[in-house]
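Descriptive analysis of the structure
Here is what each chain is made of, one letter per residue.
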Amino acid sequence: MRRIKFFTSFDRIEMQLKYVTLNPFSFRRFLSWIYRYPDVKEILLDTGVDTLFNHRGLKDYPSWYLSEYLKCVYYLDRIIARKFNVEVFAVIPDIPADYPGRKHLYPWNVKRTIEYIQYFLEKVVHRYQNITFIPVVQGAKDSISSVVNTYERYFDLYKKFQLVAVGPTCITRKYKKLAKLILTFDRVTNHEYHVFGPGLATIRIVHDKVKNMRSFDSTAYVKRYTRYKYREYNGLKDALKEFMLKLPPNIEY
C-alpha cells in the first residue's frame, strides 16, 4: 500500500507533529510553536478559506489578505525552511463554492481559481526556491464530474506543477461520495495530490486503493473537544492522539 501523510493544525496542540498545517490567522502562534517543537518534516500553508468564506462570508480574497499571505510565504521561504530544514508547501489561493450560501458561485469559482493559479505561476512561484506551490482543482459541492472536468480542461496549466490539491472536499457529509470523488480523481490524474479535510470514514475507504494520493489534512477530531471526555487542559491533544490511533496503518503522522 502507498504511504499517505496526515497533516493537521498545530494550534493548541502541545506535542511534536511531523506534518503541520497553518494559515495567516495562525501564523504568529506557529512561529512560537515550532521553536518548542522543531522536528517538523513538512509544513502546509493554506489560505484560511474556512475563516474567510465560511465564517466571514466573503466572496473573494481581499487584497490586504493576499498581501499578508505572501508575507507568510516569504518568511517560510527565507527563514523557516532554512533554519529548521523543513519542506514547505503553499496552497495557491482558490475559491470554494461548497460552503453554505456559495453554491451559486459555481462555475465562477473555478474561473477565479484558475486566474489565481495563472497569476502565481507568472508572478510568484519563481521567486521562492524553498516553497512547493500547490494549485487546487476546484468544482461544485458533491459533484465528481465538475472536479474531473476542471482538471482535464485546464490540464496544460496543472501539468506545470509538481503537486495538485483536490477540492471541494472538506464540507460534505457524504463520505462515500467523497471517497468516490477521490478514487475517480486518482484514476484520471497524472499528479500526486493532496486532499483537504476528508473524514476518517472516507480515509478508511480509499487508503488502500489510491495510487497517487500523497497526503490529506484533517481536524475532524476537534469536534470531540467539546465533549466532556476532552475538556481538560490537554483535551485537544488527547483527541488528536485517539484520532491517530484510528487511522489505517499506511497513514504517516
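The structure we're discussing is the one just above.
Quick look at the structure, then. Please read these numbers as outputs of a predicted model, since none were measured by experiment.

This brings us to the packing of aromatic side chains. With the rule as written, the count across this model stands at 22 aromatic pairs. Aromatic pair Tyr61 and Tyr116: ring centres 5.6 Å apart, planes at 90°, arrangement edge-to-face. Taken together, the residues Tyr61 in the loop between helix H2 (49-55) and helix H3 (63-83) and Tyr116 in helix H4 (residues 108-123) connect sequence positions 55 residues apart. By relative accessible area, Tyr61 is classed as buried at 6%. A relative accessible area of 5% places Tyr116 in the buried class. One aromatic cluster is present, built from ring pairs that chain together Phe25, Phe53, Tyr61, Trp64, Tyr65 and Tyr116.

Right, let's talk about the pattern of salt bridges for a bit. All chains considered together, the criterion is met by 14 salt bridges. The residue Lys246 makes a salt bridge to Glu242 at a minimum N-O spacing of 3.4 Å.

Taken as a whole, the second largest pocket encloses approximately 220 Å³ of empty space. Lining the second largest pocket we find Pro24, Phe25, Phe27, Arg28, Leu31, Trp64, Tyr65, Glu68, Lys71 and Cys72. Within the residue set of the lining of the second largest pocket, elements represented by two or more residues are helix H1 (27-36) and H3. For the lining of the second largest pocket, the leading source of residues is H3, giving 5 residues.

For the rest of this paragraph, the subject is the environment of Ile131. Within the fold, Ile131 resides in strand S5 (residues 131-134). Since its relative accessible area comes to 8%, Ile131 is described here as buried. Sequence separation of Ile131 and Tyr253 is 122 residues, and the distance between their C-alpha atoms is 21 Å. Ignoring sequence-local partners within four residues, the contact set of Ile131 consists of Val73, Leu76, Asp77, Val88 and Ala90.

How each quantity is defined
Residues numbered from 1 in each chain as written. Predicted model: local features only at pLDDT ≥ 70, side-chain atom pairs only at ≥ 80, totals over all residues. Heavy atoms only, no water. Phe/Tyr/Trp six-rings, centres within 6.5 Å; stacked < 30°, edge-to-face > 60°. Helix = DSSP H or I, 4+ residues; strand = E, 2+ residues; numbered from the N terminus. Buried < 20%, exposed > 50% of the residue type's maximum accessible area, 1.4 Å probe, protein only. Salt bridge = Lys/Arg side-chain N within 4 Å of Asp/Glu carboxyl O. 1 Å grid on protein atoms, 1.4 Å probe; cavity = no way out; pocket = protein on both sides within 12 Å on 5 of 7 lines; lining within 4 Å. Points joined across faces, edges and corners; volume = space filled by probe spheres on them. Contact = heavy atoms within 4.5 Å.

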